[in-house]
Amino acid sequence: MIRKRSLMRRTAAVAAAGAAALVLAACGGNGDDDSSAGHGGHAATAASSAPASASASQGQHNAADVAFAKGMIPHHRQAVEMADLAPDRAQSAEVKKLAADIKKAQDPEIKTLSGWLISWGEDVPAEGAMDHSMHDMGGMMTAEEMTGLENASGKAFDTAFMEMMIKHHEGAVDMAKTEQADGTYGPAKKMAGEIIDSQSAEIEQMNELLGKD
């Protein structure tokens, strides 16, 4: 009986050792098996390249990032609305091109910002919605100012458009600087930097055009 128990213990120990070896092999082998290492590397790469929405939902953003996205969406929408007026009203070819460039840059950013908010479980600002908080955003035009721009044409439109867009861009640059200072979400901070660079350059361009008049 004693010998039988001893044999059973040895058998169990051998089985346990075999199981442990199998587990180690499954975890990557001894490094000589290229296919196992390759597969493990692929799995690690796949995990590290998870969609941005997944990483965003895991808390890699903060309240400043949410505020940036929620503020910049209606801000960009108004800039696009202003730019849409230029083809039929502007006299200057430079103003028409500037308006086209603004729309080309900001339309995709609106889609990106909206995607971030959705991935974070936040509401995307409704089209045309202007609540009291949006009036505090820098550079936003009033309804009266937008109506005045719609009713202008030729040289008067060019001047009004640039003066209003300079103010609008300055507000966006301030919002982007706040995001860079307070945000934590890498893609949002990167977009903020691009907004600062591109819109600062457009402000300079518009000031030069206004100086020629």
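Going by the structure above, here's the rest.
What counts, and where the lines are drawn
Residues numbered from 1 in each chain as written. Predicted model: local features only at pLDDT ≥ 70, side-chain atom pairs only at ≥ 80, totals over all residues. Heavy atoms only, no water. Helix = DSSP H or I, 4+ residues; strand = E, 2+ residues; numbered from the N terminus. Buried < 20%, exposed > 50% of the residue type's maximum accessible area, 1.4 Å probe, protein only. Contact = heavy atoms within 4.5 Å. Salt bridge = Lys/Arg side-chain N within 4 Å of Asp/Glu carboxyl O.

Draft legend 1. Inspection of the environment of Ala172 at higher detail. Checked against the element boundaries, Ala172 lands in helix α7 (residues 154-182). Looking at Ala172, the relative accessible area reads 1%, which means it is buried. Sequence separation of Ala172 and Phe68 is 104 residues, and the distance between their C-alpha atoms is 9.8 Å. In contact with Ala172, other than residues within four places in its own chain, are Met72, His75, Gly138, Ile195 and Gln199.

Draft legend 2. How the structure looks around the pattern of salt bridges. Under the defined criterion, the tally for this structure stands at five salt bridges. Its salt-bridge partner being Arg77, residue Glu127 comes within 3.8 Å of it at the nearest N-O pair. Of this pair, Glu127 sits in the loop between α5 (93-119) and α6 (143-150) while Arg77 sits in helix α4 (residues 63-89), placing them 50 residues apart in sequence. For the salt bridge of Lys97 with Asp101, the shortest nitrogen-to-oxygen distance reads 2.9 Å. Residue Lys97 and its partner Asp101 are located together in helix α5, separated by four residues, close to a single helical turn. Lys97 gets classed as exposed once you look at its relative accessible area, which sits at 53%.

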